[in-house]
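Read off the chains here:
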Amino acid sequence: MLRYTARLRVPVPAAEMFDWHARPGAFERLTPPWQPVALEHSEGIGVGARAVIRLGVPPAAIRWTAEHRAYSDACRGSDAPCRFEDVQVSGPFASWTHTHTMTTDGRAASTLEDAVA
């Protein structure tokens, strides 16, 4: 199975970065404006919450539905990582699991790891 992992050190605490991802509008803030991608529906990042994404331009657009199946805000008040995971329910890939992990890296910084398998 192929896996892609990217890491980025960010000058904010892990809990603050996790909150940024949990706030409404995070998907839109992360999507480049020139990409033909739109969030049609979102229920947040908690376990069981779903998001429906439209890829491309109608009539050739594809709908992609993801469900959040893991969630931990353990980085609040501890050195444990925060994480959430979205899994493709339907969409363009045979399978898709995207894990977002925020780990404390010093007093005022953290590391964001995105892993896709």
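Residues numbered from 1 in each chain as written. Predicted model: local features only at pLDDT ≥ 70, side-chain atom pairs only at ≥ 80, totals over all residues. Heavy atoms only, no water.

Caption draft 1: Local environment of the layout of surface pockets. One number sums up the size of the largest pocket: a volume of about 880 Å³. Where the lining of the largest pocket is concerned, the elements lending two or more residues are α1 (14–22), α2 (26–30), β2 (37–42), β3 (50–55), β4 (62–72), β5 (82–90), β6 (97–104) and β7 (110–116). Here the lining of the largest pocket is built from residues that sort into 19 nonpolar, 9 polar and 4 charged. (1 Å grid on protein atoms, 1.4 Å probe; cavity = no way out; pocket = protein on both sides within 12 Å on 5 of 7 lines; lining within 4 Å. Points joined across faces, edges and corners; volume = space filled by probe spheres on them. Helix = DSSP H or I, 4+ residues; strand = E, 2+ residues; numbered from the N terminus. Nonpolar A, V, L, I, M, F, W, Y, C, P; charged D, E, K, R; others polar.)

Caption draft 2: How the structure looks around the nonpolar core. In terms of nonpolar packing, the biggest core is built from 11 residues, these being V10, A14, A15, M17, F18, I45, C75, C82, F84, M102 and L112. Where this core is concerned, the elements lending two or more residues are α1 and β5. No other element matches α1, which puts 4 residues into this core. Contact partners of L112, with chain neighbours within four places excluded, come to A6, R7, L8, M17, H21, T101 and M102. (Core = buried A, V, L, I, M, F, W, Y, C linked by side-chain atoms within 4.5 Å. Buried < 20%, exposed > 50% of the residue type's maximum accessible area, 1.4 Å probe, protein only. Contact = heavy atoms within 4.5 Å.)

Caption draft 3: Fine view of α1. For α1, the set of buried residues is A14, A15, M17, F18 and H21. Each buried residue of α1 sits inside an arc of 160° when the element is viewed along its axis, so together they form one side. (Arc of directions from axis to C-beta.)

Caption draft 4: Representation of the packing of aromatic side chains within the structure. As enumerated under the stated definition, the model contains 5 aromatic pairs in all. Both rings, one in F18 and one in Y71, keep their centres 5.4 Å apart while their planes meet at 65°; by these two values the pair is edge-to-face. A residue pair is termed long-range when its members are at least 10 positions apart, and F18 in helix α1 and Y71 in strand β4 qualify at 53 residues. In this structure F18 comes out as buried when scored by relative accessible area, which is 0%. A centroid spacing of 5.4 Å and a plane angle of 65° characterise the contact between W64 and F93, whose relative ring orientation is edge-to-face. Of this pair, W64 sits in strand β4 while F93 sits in the loop between β5 and β6, and the two are 29 residues apart along the sequence. A relative accessible area of 12% places W64 in the buried class. Owing to a relative accessible area of 39%, F93 belongs among the partly exposed residues under this scheme. Put simply, the rings of F18, Y71 and F84 pair up and form one aromatic cluster. (Phe/Tyr/Trp six-rings, centres within 6.5 Å; stacked < 30°, edge-to-face > 60°.)

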